[in-house]
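The chain contents come next:
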Amino acid sequence: MKSLKWLVLSIISAVLVVAPVAMAADVQEDQKAILVTGASSGIGLKVTQDLAAAGHFVYAGARKEKDLKALNEIPNVQSIRLDVTVQSEIDAAVAIVTAEGRGLYGLVNNAGVAIVGPMMDVSDDDFHFQMNVNVYGPFRVTKAFAPLIVASQGRITTIGSIAGTVSPAGLGPYCMSKHAMEAFTDALAAEMEPQGVVVNIVEPGNYKSKISASAFNRMVTEKVAAGVELTEAQKAMQDRGSNDRSQFKDPDEVSDAVMLALFDENSKLRYMVVPNQGEAAFTIGKAVQELVQLNEDQPYSYDREGLIKLLDEAMNPVTE
Ligand SMILES: NC(=O)c1ccc[n+]([C@@H]2O[C@H](COP(=O)([O-])OP(=O)(O)OC[C@H]3O[C@@H](n4cnc5c(N)ncnc54)[C@H](OP(=O)(O)O)[C@@H]3O)[C@@H](O)[C@H]2O)c1
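Rules and cut-offs
Residues numbered from 1 in each chain as written. Predicted model: local features only at pLDDT ≥ 70, side-chain atom pairs only at ≥ 80, totals over all residues. Heavy atoms only, no water. Core = buried A, V, L, I, M, F, W, Y, C linked by side-chain atoms within 4.5 Å. Buried < 20%, exposed > 50% of the residue type's maximum accessible area, 1.4 Å probe, protein only. Helix = DSSP H or I, 4+ residues; strand = E, 2+ residues; numbered from the N terminus. Contact = heavy atoms within 4.5 Å. Near = heavy atom within 4 Å. Polar contact = N/O pair within 3.5 Å; in protein donor to acceptor, adjacent residues only side chain to side chain. Areas by Shrake-Rupley, 256 points an atom, 1.4 Å probe, with all protein chains shown as cover. Nonpolar A, V, L, I, M, F, W, Y, C, P; charged D, E, K, R; others polar. Pairing = 2+ DSSP bridges. Right-handed = clockwise from strand over helix to strand, strands pointing away.

(A) Local environment of the nonpolar core. Grouped together as the largest cluster of nonpolar side chains are 32 residues, with contacts concentrated most on Leu-35, Tyr-59, Leu-104, Phe-145 and Ile-156. Listed by contribution, the elements that provide at least two residues to this core are strand E1 (33–36), strand E2 (57–62), helix H4 (87–100), helix H5 (124–151), helix H6 (172–192) and strand E6 (198–204). Per-element tally for this core: the top contributor is H5, with eight residues. Excluding anything up to four places from it in sequence, Tyr-59 contacts Ala-33, Ile-34, Leu-35, Val-36, Gln-78, Ile-80, Val-97, Glu-100, Arg-102, Gly-103 and Leu-104. Counting residues in hydrophobic clusters, the runner-up holds 26 residues, among them Ile-34, Leu-51, Val-254 and Val-258.

(B) The arrangement of the site of the ligand in detail. Looking at the ligand, there are 30 residues lining it, with Ser-40, Ser-41, Tyr-174, Tyr-207 and Ser-209 nearest. For the ligand, an oxygen atom lies 3.3 Å from a polar atom in the backbone of Gly-112. Protein chains bury 94% of the 880 Å² of accessible surface belonging to the ligand in isolation. The set of elements that each furnish at least two residues to the shell around the ligand consists of helix H2 (42–53) and H6. Taken together, the residues that form the shell around the ligand break down as 12 nonpolar, 12 polar and six charged.

(C) Region of interest: the pairing of strand E4 (residues 106–109). Every second residue of E4 is oriented toward a common face, with Gly-106 and Val-108 on one face and Leu-107 and Asn-109 on the other, all of them buried. Of the strand pairs in this sheet, E1 and E4 are connected by three bridges, and their pairing is parallel. Of the residues in E4, the one forming a bridge with Val-36 is Val-108. Judged from the four bridges that link them, E4 and strand E5 (residues 155–159) form a sheet pairing that is parallel. Across the sheet, residue Gly-106 finds its bridge partner in E5, namely Arg-155. At this point the chain moves from E4, through H5, to the parallel E5, and the crossover so formed is right-handed.

Structure follows, in structure tokens:
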């Protein structure tokens, strides 16, 4: 009787002890390490939260002490000081991730800023700032972390924008930076594929974040404080006031697309994610217009049937 009780107790305790270990092993096995740049707010924060909640380990890049601290409070998240314009911080981040020994499966190039205003009014300084963060930033970070990603046959996902396709008046510098990320993705995807790395881009429309408030800060508040004379466009911006983007949806569906970009077996090269039909029509319409403009009035133009055939083939690619 005593030995039966002992047997039951030992089975129960074995289950109690082994079950969590087995569960932890499952999580450990599936857990991927992913670096998200610009994780302090908006899309980057949401992606960080979703990855961590799914059991992955997130290296969350941020710049301010309070953001680094707040990110560290999220289970499965380790914040890393990372300004994408500062090479020494990028190098230090590579050293930290390497020393941690988890490898790096994923990189989400999310950090970004927006410079707005007519092209001919934009100062060299603002233009450089735009390109430094949105173009040189992902280039530098990707280059630095590529060996780790290749070693784990991982993925590189960049947060582009519908501004990588459309380019309305007054948004030129931002749109230039996001068009650059389209080219970056196409070239890198082709180059990395033979090395077993998937590269793709998520192209959101308008979602809630701090990006417009930060733009207002740089284009109005900081210039006024520095005594710089505002351009007409900046004065108009000043009159409209800072935009907190609270009228837009939370970026949940953008984060969902990032999850697919990072983990789906049949992942796509481009994930356009827009909150309404209008933004989809605007973007797809622009892409079609550009196709027509490229094609028209040149010696090798396709006729209508030829274009439709191309479209059909693109929609139903032959897979070997
Ligand atoms: N929200 C949208 O509707 C939308 C649409 C299309 C594309 N996007 C793209 O989504 C990405 C995230 O933007 P968001 O809308 O979520 O804006 P956000 O809330 O302003 O987030 C931008 C993030 O980038 C970081 N950042 C800025 N400069 C940086 C630098 N030099 N180094 C490292 N991090 C830096 C910010 O950090 P700090 O807090 O330290 O400044 C912040 O964490 C951007 O690439 C943006 O272009 C957004």
